[in-house]
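Coordinate inspection notes
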Amino acid sequence: MGLLSDPVRRRALARLVLRLNAPLCVLSYVAGIAWFLALAFPPLTQRTYMSENAMGSTMVEEQFAAGDRARSLARDFTAHRRKLGALPVAWLERTMRSVGLEVYTQSFSRKLPFPDETHERYMVSGINVYGILRAPRAASTESLVLTVPCGPDSTNSQAVGLMLALAAHFRGQIYWAKDIIFLVTEHDLLGTEAWLEAYHDVNVTGMQSSPLQGRAGAIQAAVALELSSDVVTSLDVAVEGLNGQLPNLDLLNLFQTFCQKGGLLCTLQGKLQPQDWTSIDGPLQSVQTLLLMVLQQASGRPHGAHGLFLRYRVEALTLRGINSFRQYKYDLVAVGKALEGMFRKLNHLLERLHQSFFFYLLPALSRFVSIGLYMPAAGFLLLVLGLKISSLHEAGVGPEEAGKTPGSSPPHPPTQGVALASLVAPLLVSQAMGLALYVLPVLGQHVATQHFPVAEAEAVVLTLLAIYAAGLALPHNTHRVVSTQAPDRGWMALKLVALIYLALQLACITLTNFSLGFLLAASMVPAAAVTKPSGPRPLYTALLVLTSPAATLLGSLFLWRELQEAPLSLAEGWQLFLAALAQGVLEHHTYGSLLFPLLALGLYPCWLLFWNVLFWK
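Basis of the calculations
- Residues numbered from 1 in each chain as written.
- Predicted model: local features only at pLDDT ≥ 70, side-chain atom pairs only at ≥ 80, totals over all residues.
- Heavy atoms only, no water.
- UniProt positions renumbered as here; feature names shortened; annotations may be inferred.
- Buried < 20%, exposed > 50% of the residue type's maximum accessible area, 1.4 Å probe, protein only.
- Helix = DSSP H or I, 4+ residues; strand = E, 2+ residues; numbered from the N terminus.
- Pairing = 2+ DSSP bridges.
- Axes fitted to C-alpha atoms, helices over the stretch in contact; angles between N-to-C directions.
- Left-handed = near helix turned anticlockwise from the far one by under 90°.
- Contact = heavy atoms within 4.5 Å.
- Parallel < 35°, antiparallel > 145°, perpendicular 65-115°, else oblique.
- Nonpolar A, V, L, I, M, F, W, Y, C, P; charged D, E, K, R; others polar.
- Domains from an automatic or database assignment.
- Buried area = accessible area lost by both parts, 1.4 Å probe.
- Salt bridge = Lys/Arg side-chain N within 4 Å of Asp/Glu carboxyl O.
- Polar contact = N/O pair within 3.5 Å; in protein donor to acceptor, adjacent residues only side chain to side chain.
- Core = buried A, V, L, I, M, F, W, Y, C linked by side-chain atoms within 4.5 Å.

As annotated in an unreviewed UniProt entry, the protein is GPI-anchor transamidase component GPAA1 from Capra hircus. UniProt, in its Function (unreviewed entry) section for the protein, records the words "Component of the glycosylphosphatidylinositol-anchor (GPI-anchor) transamidase (GPI-T) complex that catalyzes the formation of the linkage between a proprotein and a GPI-anchor and participates in GPI anchored protein biosynthesis. Binds GPI-anchor."

Below you can see the structure in the form of structure tokens.
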């Protein structure tokens, strides 16, 4: 405290930081990247453990044995669906009633902001079917959900058959203390969002749906099931939800525990768990799994129907049955027993899951990294911005201050007011470009289709790219009014504002979605730190362009496919990039994903400020 309160020592510390600013910035950035990579190694990663006492033991006897009935129901569902060309609502109602459930339906419709070419839909309408198994030993105050999303092109018949067979099995048990909802949704996530909004009596996405005629208690947990075959070689679990939300770690631990009990092979991000942590192969595999999770969480997309439940404070997972060429295969009985065990343990909960972590990273299914261990990686990267801000602040007071005594107060330069006034135009123009990037692509799609031979989705993407490129070409250099008495003060003041703006944004993003904040910091911080109008401008230009938000997205797509062992060519990568742009805008307007407005209204205008600094005259 004496160092900070003594003005002489504080000024000496400021001069030391100013003199060693560049080495400290490099050291801090390298430390941040190294810390992140070290998260996959055992000293920083911990073994998972169960924190909730009510789920601490797997001493339940799973009795599910209706595998043949599940396969029969799946075949009937497939036949009726193929005959109708849509979800067989009447057959589902009849089947659910036959096993003793209270059956209800919900119709919904949604007009997308522009056609979804990935799923080939624009005007969407469908019907959700759900049945409620009332708890014989409680007053319907709490409930659990088993949901099966059905899309127009998805093959999820086996999941429907298994869900109905489990409903019949659960109906014969008397130990349930919570209602169980068996939900079949149409049009994948759109149906799930419509049902969740109606269940909680809210409308956050503009979905038009009928009110629910039947309700159960407050939803404590949910499991989404996706099966494409009646035999599986492994169960892959998805945890990433909307805007990077994650379920309570205890729910993931519960899934892994029952997979181990039943001998089921479980995977995370499609990767098996490393077996040998003593050699370098185990940590290297966990680095790949960790990077895959970071990329998927940073996208802000719900990677399964469970991702929409997390918005409503419902802990949820998506389980996907994988049928590959592995030697050992499991039938629907093994999967059903694992689900039965999970629901029986969730039935014991006396309160919502809260004792374990909500913020974590997973280098493997049996290991995790807590928030206290991964936040220093982002902290080191943000420290670079802090060092540059302090450097500019100290340098901006005027070089003539160096020879003054510590007690003297330097006069304010006469150009300070003019320099600050000159920042208004670049700030306003940059923010206006961000606002145009956010608003115009969707609003102007019909105008574009009338004047150019493109479809609506193509018009949205092309408008995005056009506005993005126009921001680089606009003459933002409205700072020529700066007096020649202090020619450097203008760009230094603008860079100081841009650094503070970037640091605040990255800090807020990192607190809510570490993966997104870390990726953006790792790409944008170096260019933001070194950009200035003097020096090797072509090198600075190339670095700034390669670390722009669009280039970061493109590079992330290539890295994601490389980690999935499905590398892309340049043409394939560009097509995937265009599709990702369209999906990002669509998911923001459809589900409320925040990645698109964060980039358009926040980070892109901030990046344009550094572009102005680079071309300051």
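On we go.
Once that is clear, we can look at the pairing of strand β7 (residues 218-227). Working note: regular strand, side chains alternate between the two faces of the sheet. Among the 10 residues in β7, 8 count as buried, and that is most of the element. Sheet analysis places strand β4 (residues 142-150) next to β7, joined by 6 bridges and oriented parallel. Residue pairing for β7: Glu-142 is matched across the bridge by Ala-218. One ladder, built from 7 bridges, connects β7 with strand β11 (residues 315-322); its direction is parallel. Following the sheet pairing, Leu-225 is matched in β11 by Leu-319.

A few words now on the UniProt feature "transmembrane region" (unreviewed entry) in the protein. Under the feature "transmembrane region" (unreviewed entry), the UniProt entry names residues 20-41, 357-385, 418-440, 452-474, 494-527, 539-560 and 594-616. Across residues 20-41, the secondary structure splits into 82% helix and 0% strand, with the terminal C-alpha atoms separated by 32 Å. A helix fraction of 52% and a strand fraction of 31% characterise residues 357-385, whose end C-alpha atoms lie 29 Å from each other.

This part is about the packing of helix α3 (residues 21-38) against helix α18 (residues 514-530). Across the interface, α3 lies against α18 with an axial gap of 11 Å and an inter-helix angle of 145°. As α3 packs across α18, the resulting crossing turns out to be left-handed. Across the interface between the two elements, Tyr-29, Gly-32, Ile-33 and Phe-36 from α3 touch Phe-514, Phe-518, Ala-521, Ala-522, Val-525 and Pro-526 from α18.

Direction vectors running N to C along helix α16 (residues 456-473) and helix α22 (residues 595-614) enclose 25°, while the axes themselves pass 10 Å from each other. As far as their axial angle goes, α22 and α16 are roughly parallel. Handedness of the crossing formed by α16 with α22: right-handed. Across the interface between the two elements, Leu-464, Ile-467, Tyr-468, Gly-471 and Leu-472 of α16 pack against Phe-596, Tyr-604, Trp-607, Leu-608 and Trp-611 of α22. Looking at the contact of α16 with α22 residue by residue, the class counts come to 9 nonpolar, 1 polar and no charged.

In terms of domain boundaries, the protein breaks down into domain 1 (53-365) and domain 2 (428-615). For domain 1 and domain 2, the distance between their C-alpha centroids amounts to 36 Å. Each partner contributes residues to the interface: domain 1 has 32 residues there, and domain 2 has 32 residues. Taking both sides of the interface into account, the surface hidden between domain 1 and domain 2 amounts to around 2,700 Å²; carbon and sulfur atoms contribute 62%. Across the domain 1-domain 2 interface, the total number found is 2 salt bridges. Measuring nitrogen to oxygen at the nearest pair gives 3.7 Å for the salt bridge that ties Lys-271 to Glu-565. There are 9 residue pairs in polar contact (both at pLDDT 80 or more) connecting domain 1 and domain 2. Among the elements of the structure, β2 (102-116), α7 (189-199) and α9 (281-299) are those that each provide at least two residues to the side of domain 1 that touches domain 2. Per-element accounting of the side of domain 1 that touches domain 2 gives the leading share, 9 residues, to α9.

The next subject is the nonpolar core. Among the nonpolar cores identified, the biggest contains 176 residues, and Leu-162, Trp-195 and Phe-255 are the most heavily contacted of them. Element by element, the count of residues in this core is highest for α22, at 13 residues. Mapping this core onto the domain boundaries places at least three of its residues in each of domain 1 (53-365) and domain 2 (428-615). Residues within four places of Leu-162 in sequence aside, it is in contact with Phe-64, Ala-70, Leu-225, Leu-227, Leu-332, Val-335, Gly-336 and Leu-339.

What follows concerns the pairing of strand β14 (residues 367-370). Side chains Arg-367 and Val-369 project from β14 onto one buried face, and the interleaved Phe-368 and Ser-370 project onto a second face that is buried too. Bridge count between strand β1 (residues 46-47) and β14: 2 bridges; the pairing is antiparallel. For Arg-47, the partnering residue across the bridge sits in β14 and is Arg-367. Here strand β13 (residues 360-364) runs beside β14; their pairing, made up of 3 bridges, is antiparallel. For Ala-364, the partnering residue across the bridge sits in β14 and is Arg-367. Connecting β13 to the next strand, β14, in antiparallel fashion are 2 residues.

Another point: the sheet that holds strand β3 (residues 121-133). Pairing is mixed across the open sheet formed by 9 strands, whose spatial order is β6-β2-β3-β5-β4-β7-β11-β9-β10. Single-partner strands in this sheet number two, and they are β6 (208-209) and β10 (266-268). Pairing geometry for β3 and strand β5 (residues 179-186), over 5 bridges, is antiparallel. When the sheet's bridge partners are listed, Gly-131 is paired in β5 with Phe-182.

Attention shifts here to unusual backbone geometry. Not every positive phi belongs to a glycine, and His-187 is a case in point at roughly 60°. Among the residues examined, His-187 registers a relative accessible area of 15% and is labelled buried.

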